[in-house]
There are 2 protein chains.
Amino acid sequence: MLNFSTSEENYIKTIFHLQNGQNTVTTNALAEKLSTRPASVTDMMKKLKAKKLLHYQPYQGFRLSNEGKKVALDIIRRHRLWEYFLAEKLKFKWDEVHVVAEDQLIDKLDEYLGYPKSDPHGDPIPDSLGKMENSEQINLAELAVNKPAEVCRVVNQSDEMLELLQHKKITIGARVEIKRKFEFDHSIEIRLRQSKRNSSDQPSFSISEQLAKNIFVSL
Amino acid sequence: MLNFSTSEENYIKTIFHLQNGQNTVTTNALAEKLSTRPASVTDMMKKLKAKKLLHYQPYQGFRLSNEGKKVALDIIRRHRLWEYFLAEKLKFKWDEVHVVAEDQLIDKLDEYLGYPKSDPHGDPIPDSLGKMENSEQINLAELAVNKPAEVCRVVNQSDEMLELLQHKKITIGARVEIKRKFEFDHSIEIRLRQSKRNSSDQPSFSISEQLAKNIFVSL
DNA sequence: ATTAAAATTTAGACAAATCTAAAAAATACT
DNA sequence: AGTATTTTTTAGATTTGTCTAAATTTTAAT
Ligand SMILES: [Mn+2]
Ligand SMILES: [Mn+2]
Ligand SMILES: [Mn+2]
Ligand SMILES: [Mn+2]
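Each value, and the rule that gives it
Residues numbered from 1 in each chain as written. Chains lettered and ligands numbered in written order. Predicted model: local features only at pLDDT ≥ 70, side-chain atom pairs only at ≥ 80, totals over all residues. Heavy atoms only, no water. Helix = DSSP H or I, 4+ residues; strand = E, 2+ residues; numbered from the N terminus. Rg over C-alpha atoms; globule rule 2.2 N^0.38 Å. Buried < 20%, exposed > 50% of the residue type's maximum accessible area, 1.4 Å probe, protein only. Contact = heavy atoms within 4.5 Å. Areas by Shrake-Rupley, 256 points an atom, 1.4 Å probe, with all protein chains shown as cover. Lys, Arg positive; Asp, Glu negative; His and termini not counted. Charge placed at Lys NZ, Arg CZ, Asp CG, Glu CD. Salt bridge = Lys/Arg side-chain N within 4 Å of Asp/Glu carboxyl O. Core = buried A, V, L, I, M, F, W, Y, C linked by side-chain atoms within 4.5 Å. Polar contact = N/O pair within 3.5 Å; in protein donor to acceptor, adjacent residues only side chain to side chain. Nonpolar A, V, L, I, M, F, W, Y, C, P; charged D, E, K, R; others polar. Donors = N, O, S within 2.8 Å, 3.2 Å for Na, K, Ca; no water. Near = heavy atom within 4 Å.

A. Structural context of the overall build of chain A. Regarding its fold elements, chain A presents seven helices and eight strands. Expected size for 219 residues packed as a compact globule is a radius of gyration near 17 Å; at 27 Å, chain A overshoots this value by more than 25%. Once the C-alpha set of chain A is aligned to its principal axes, its extents read approximately 80 × 40 × 30 Å. Here chain A holds 219 residues, and the buried ones make up 40% of them. A sequence separation of at least 24 residues applies to 52% of the contacts in chain A between residues at least 6 apart. Carbon together with sulfur atoms contributes 47% to the accessible area of chain A, which is approximately 12900 Å² in total. Taken together, the 33 basic and 31 acidic charged side chains of chain A have centroids lying 6 Å from each other.

Below is the structure:
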């Protein structure tokens, strides 16, 4: 299914609701519902007709095509699942979920998540006042040999970087220890451990200086 | 704090990251990072300067003002909290959260919420194939006297309507029974019960035909 | 059947965000 | 210093979504 703009989605969703029962929707009714002007509605109807989302003959009103109805149901599904989430998980009142403001939502989400200190990449999350703690993290390239540490942050988050990390199985929270440093190309040999408990060690392997410089650890 | 467009927010967030350490950010660096053209960057810089979000003299590079930094931190907070939510609750891998597509997200959300059948207003939620069940709901205005039923849907969801419902304490899931119907104005006298168990009855009260017509119940 | 009113569409304009191509300024290089 | 290169800005278009005002079509009323 193609991708539609917020504006197009609004029109589609609203037509779906208005045409319930009635077989066509009028320009004025739609303009009224969307708090916009009839001329704007006509403009958009031409666009949606061109995209085959609705049937429309000038002066004759319009109704969604089957394709348009499919899109509408997808939009409605999204909308209602989010409303359910807001009410059920974030504890908004059922009559508030329509008009939740971004700031309010984020604060409730923060509360719901238990005020996490850092995101999945290890990046610190600012609190509601904008304060962001940066704990003492050191670059993996500068970690001393044989000093166990924990991967806590990955700076470069390009696809290429993340692909490499996944392949090497380096994840946030993993325990890591440098076994050797090579002067020639500044590559380092490291060993990962499953968890803090001394479970089965993995074999050691080497990573480039470039990769190491993008990984931060805490002791 | 004012409201900014998605585009403005992208610029602000990216400048924040780029200026870490450096004291100014260059036009080309920003264009590169945003995959846009230098000319577009200059255009936006004029706009953000006008809004006092950054310091900028032509040809001299730019940096966020204190106000701009505040906005950036707010954006970063939102972004990272959502990433945390995606990873922790919706179980996306930590290296997937950057590029989650809408469809995927919604399906995971659906799963996480336990495939709810209807939203907080009682509106049915279509499944991932677009199927939407409409259970036999009857209009409260047409419910027989002394026949207990459950409020399952509210059609008109205007602020005015929701305000009235809240005042009358009529909520989705509430048990309701019509005690009398008045022919004169078609108003009805109803009584609510706390739950399905026969707990303490509330006193009965009357509602207008107009309100009743917007409420649907199931038996 | 005319005329009046209402609904709808067209014409033309505007703001936001982007682009290409050309001009201007800053830097780098003999 | 004088020229070449790079960086940045301006000028002018384009796309999307909106608007007002005027024209057109449909519907309602005499
Ligand atoms: Mn809603
Ligand atoms: Mn992140
Ligand atoms: Mn991200
Ligand atoms: Mn709803």
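B. Molecular detail of the pattern of salt bridges. Scanning all chains against the criterion turns up 26 salt bridges over all chains. Across the pair B:Lys51 and B:Glu8 runs a salt bridge, and its minimum N-O distance is 2.8 Å. Residue B:Lys51 is found in the loop between α3 (38-50) and β1 (54-56), and its partner B:Glu8 is found in helix α1 (residues 6-18); the two are separated by 43 residues along the sequence. B:Lys51 gets classed as partly exposed once you look at its relative accessible area, which sits at 39%. Counted as one network, the salt bridges with shared partners bring together A:Glu8, A:Lys47 and A:Lys51.

C. Expanded view of the nonpolar core. Judged by nonpolar contacts, the single largest core of 27 residues is most densely connected at A:Phe85, A:Leu86, A:Leu109, B:Phe85 and B:Leu109. If you list the elements that add at least two residues to this core, you get α4 (66-88) and α5 (102-113) of chain A together with α4 (66-88) and α5 (102-113) of chain B. Residues contacting B:Phe85, with those up to four places away along its chain left out, are A:Trp82, A:Phe85, A:Leu109, A:Tyr112, A:Leu113, B:Leu90, B:Leu109 and B:Tyr112.

D. Representation of the interface of chain B and chain A within the structure. At the interface, 47 residues of chain B touch 47 residues of chain A. Taken together, the connections running from chain B to chain A amount to eight salt bridges. Taking the shortest distance from any N to any O, the salt bridge between B:Asp107 and A:Arg77 comes out at 2.7 Å. Across the chain B-chain A interface, the total number found is 17 residue pairs in polar contact (both at pLDDT 80 or more). Residue assignment for the side of chain B that touches chain A shows that the elements contributing at least two residues are α4, α5 and α6 (159-168) of chain B. Looking at the side of chain B that touches chain A, the element that brings in the most residues is α4(B), giving 12 residues. Class assignment for the residues of the side of chain B that touches chain A results in 25 nonpolar, eight polar and 14 charged.

E. Structural context of the coordination of the manganese ion (ligand 1). All names here are of chain A. In the first shell of the manganese ion (ligand 1), the protein supplies His79 (NE2), Glu83 (OE) and His98 (ND1), at 2.1 to 2.4 Å from the metal. Taken in sequence order, the residues that donate to the manganese ion (ligand 1) follow the motif H-x3-E-x14-H. The metal-metal distance between the manganese ion (ligand 1) and the manganese ion (ligand 4) is 4.4 Å, with Glu83 coordinating both. Of this pair, His79 and Glu83 both sit in helix α4, four residues apart, which is roughly one turn of that helix. In this structure His79 comes out as partly exposed when scored by relative accessible area, which is 33%. Since its relative accessible area comes to 3%, Glu83 is described here as buried.

F. Fine view of the protein's contact with DNA strand D. Around DNA strand D, the structure places 20 residues, and the nearest of them are A:Ser5, A:Thr36, A:Ser40, A:Lys47 and B:Tyr56. What you see for DNA strand D is that sugar and phosphate hold 76% of its atoms within 4 Å of the protein. A distance of 2.7 Å separates a phosphate oxygen of DNA strand D from a polar atom in the side chain of B:Lys46. At 3.0 Å, a backbone N or O of B:Tyr59 approaches a phosphate oxygen of DNA strand D. Breaking the surface near DNA strand D down by element, the ones donating at least two residues are α1 (6-18) and α3 (38-50) of chain A together with α2 (27-34) and α3 of chain B. For the surface near DNA strand D, the class distribution of residues is eight nonpolar, eight polar and four charged.

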